[in-house]
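# Observations on the three-dimensional arrangement
The chain contents come next:
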Amino acid sequence: AATAPRIPPTRLALHHFDVSYSLQLKDLWPSVRASLLCEQKYGALLNNFSLVDHIAQELELLNATDFVSEAPKKAQRLQRGAAAEEAGRGESGSQEGSGEGRTAAQAGMTAQAEVSPPLRASVTSNIKCYTFPRGDITRFRPARPDTLGLFDYYLMDAASLLPVLALNVQPGDFVLDLCAAPGGKTLALLQTGVCGHLAANDVSISRTKRLYQILQSYVPKEIRETVSVTSCDGRDWGQLEGGTFHKVLVDVPCTTDRHSVMEQDNNIFHRRRTKERQMLPMLQLQLLMAGILATKPGGEVVYSTCSLSPLQNEYVIERAVEIAETQFNISIHVEDLSHFRTFSFFLDCRLGELVLPHLTANFGPMYFCKLRR
C-alpha cells in the first residue's frame with residue numbers, strides 16, 4: 001500500500017494556525033500570517049559591559065533609536081494626538097467605541113496608552129535596545145568584540161525585551177530566570193546592573209551550554225561569577241527554593257509560532273512531537289506555579305511566551321491564579337501592562353499584553369503578563 005505523503009511540520013503549523021488564529025484574530029490574521037512568513041525584525045541590545053565606545057552614536061547615525069527611552073515619549077504623543085482628535089470630533093467621537101471603530105483601531109494597530117509611573121520607573125533602567133523605524137528593513141551589522149572579547153550588542157527580537165522591562169528589577173532584587181536559555185533575557189536582566197542575585201535555570205543541558213556561551217561572550221568574569229546557572233526541572237523550583245525571590249521571569253517553552261512556520265529543524269509540529277505539543281499548556285501551568293511559589297510574598301512574576309495562542313497565554317494565567325488561591329491560599333493580582341504598548345498590540349487580549357507581528361514592525365509574537373503575589 002502506498003504510504004501517505006509526509007507533510008512538512010511547517011505546513012502543519014501553518015494549517016493549525018489558520019484554523020485557530022483566524023477565529024481569534026479575525027480580520028487581523030491575514031496581516032499577522034504574512035508577517036510570520038516574512039523576515040523577522042531585530043533590535044540591538046547594547047552591552048553595557050563592552051568597552052566599545054560610540055555604539056549608540058553609530059546606530060543613531062543609521063537612523064536607529066532606543067525604543068526603551070522612546071516609548072514614553074511616543075505614548076505621550078499618541079495620547080496628545082488622541083485627545084486633540086477627540087476634541088475635534090465632538091459628538092461624532094462616540095462612534096470610537098463601536099465595533100467598526102474598534103476594528104479600524106486594531107487594523108492600524110496603533111496603541112494609544114497612558115504613560116503611567118511603572119513605565120517611567122522601568123525605562124530609567126540601564127537597558128538600551130535600538131530598532132530601525134517602522135517600514136525600515138535595514139539589517140544590523142554583526143556584533144563585534146572589544147579588546148577583552150566582549151561583544152558590543154546582542155541581536156534579538158526587540159519585543160522579547162518587554163517581559164524583562166515589565167519585571168522592573170529594583171536595586172538588590174533577588175531575581176530568578178526560570179527558563180533562561182538561550183540567554184537573551186538573562187543578558188538583558190544583567191544589563192540593568194542592579195540585580196542583587198541572579199539565578200538562571202534551564203532544564204536542557206545543551207541549551208544551558210548556549211546560555212554559558214552568551215554569558216562568556218558578553219559579560220566580564222567577575223559579573224558572570226555572580227550568576228547562578230543551573231539545569232534543574234523548573235517545575236520543582238517552588239520546592240527547591242520557595243519564597244526566596246523578589247522577581248521571577250517565567251519565559252516558558254511554547255509553540256514558538258514564528259519558528260514553527262519557518263523552520264523544519266526542531267519543529268514542535270513534527271508528528272513525533274504531537275503529544276509534547278498537546279501537553280504544552282500543562283507544562284506551562286506547572287512552570288508558572290513553580291515561579292509563583294518561588295516568589296516572596298509581595299514579589300512579582302512575569303509570564304511570557306512567543307505564541308499567539310490563548311491556550312498558552314491567558315488560559316494559563318487564569319488557571320494559575322485559580323490554583324494559587326484554592327490550593328495554596330495565595331492571592332494573585334494581575335497587573336495592568338497597557339503602558340508597555342510600543343509595537344503592534346492585540347487590543348482584545350483579556351489578560352496581559354500580546355505583540356502582533358506586523359509587516360512594518362515585524363517583531364513578536366510575544367505575550368507577557370505580570371502577576372503580583
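Reading the values: rules and limits
Residues numbered from 1 in each chain as written. Predicted model: local features only at pLDDT ≥ 70, side-chain atom pairs only at ≥ 80, totals over all residues. Heavy atoms only, no water. Helix = DSSP H or I, 4+ residues; strand = E, 2+ residues; numbered from the N terminus. Buried < 20%, exposed > 50% of the residue type's maximum accessible area, 1.4 Å probe, protein only. Contact = heavy atoms within 4.5 Å. Areas by Shrake-Rupley, 256 points an atom, 1.4 Å probe, with all protein chains shown as cover. Salt bridge = Lys/Arg side-chain N within 4 Å of Asp/Glu carboxyl O. pLDDT = per-residue confidence, 0-100. UniProt positions renumbered as here; feature names shortened; annotations may be inferred. Axes fitted to C-alpha atoms, helices over the stretch in contact; angles between N-to-C directions. Left-handed = near helix turned anticlockwise from the far one by under 90°. Nonpolar A, V, L, I, M, F, W, Y, C, P; charged D, E, K, R; others polar. Pairing = 2+ DSSP bridges. Core = buried A, V, L, I, M, F, W, Y, C linked by side-chain atoms within 4.5 Å.

If you tally the helices and strands in the protein, you get 15 helices and 12 strands. Per-residue burial over the protein gives 49% buried out of 373 residues. Partitioning the intrachain contacts of the protein with sequence separation of at least 6 by distance along the chain shows that 78% fall at a separation of at least 24. Of the roughly 17700 Å² of accessible surface on the protein, a fraction of 54% belongs to carbon and sulfur atoms.

Enumeration over the complete set of coordinates arrives at 16 salt bridges. One salt bridge connects Lys-221 with Glu-225, and the closest N-O pair in it is separated by 2.8 Å. A salt bridge links Arg-350 to Glu-318, with the shortest nitrogen-to-oxygen separation between them at 2.8 Å. On the criterion of sequence distance, the pair formed by Arg-350 in the loop between β10 (333–334) and β11 (353–355) and Glu-318 in helix α15 (residues 314–328) is long-range, its members being 32 residues apart. Classification of Glu-318 as partly exposed rests on a relative accessible area of 32%.

A separate point is the confidence of the model for the protein. In the predicted model, the protein carries a mean pLDDT of 87, and the fraction of residues at 70 or more is 84%. When the elements of the protein are averaged for pLDDT, helix α5 (residues 99–108) gives the smallest value, 35, and strand β12 (residues 366–372) the largest, 98. Considering only residues more than four positions removed or in separate chains, one finds that residues 91–124, a stretch of pLDDT under 50, has 50 contacts.

As a further point, take the UniProt feature "active site" (unreviewed entry) in the protein. Per the UniProt record, the feature "active site" (unreviewed entry) sits at Cys-306. Following the sequence through the fold, Cys-306 ends up in the loop between β9 (295–305) and α15.

So, on to the packing of helix α1 (residues 9–25) against helix α2 (residues 29–36). Describing two packed helices takes the angle between their axes plus the distance from one axis to the other. It is the contact of α1 with α2, at a shortest axis distance of 9 Å, that shows an interaxial angle of 145°. Read as a crossing pair, α1 and α2 show a hand that is right-handed. Residues Leu-14, Phe-17, Asp-18, Tyr-21, Ser-22 and Leu-25 of α1 form the contact with α2, whose participating residues are Trp-29, Val-32 and Arg-33. Residue composition of the contact of α1 with α2, grouped by class: six nonpolar, one polar and two charged.

Here we take up the sheet that holds strand β4 (residues 153–156). In space, the four strands of this open sheet follow the order β2-β3-β1-β4, with antiparallel pairing throughout. Each edge of the open sheet carries a strand with a single partner, namely β2 (65–66) and β4. Where β2 lies against strand β3 (residues 129–131), two bridges are found, and the strand directions are antiparallel. From the neighbouring strand, Asp-66 faces β3, where its bridge partner is Tyr-130. Sheet strands touched by helix α8 (residues 184–191): β1 (43–46) and β4. Its angle to β1, the strand with the most contacts, is close to 45°.

Another aspect to go through is the nonpolar core. Counting residues in hydrophobic clusters, the biggest one holds 47 residues, and the most contacted among them are Leu-25, Leu-288 and Leu-308. Of all the secondary-structure elements, those providing two or more residues to this core are α1, α2, β8 (245–251), α14 (280–294), β9, α15 and β12. Broken down by element, the residue count for this core peaks at eight residues, all from α14. Those residues in contact with Leu-25 that sit more than four places away from it in its chain are Val-32, Leu-308, Phe-346 and Leu-356. Residues Tyr-154, Leu-161, Leu-165 and Leu-167 belong to the second largest nonpolar core, which totals 44 residues.

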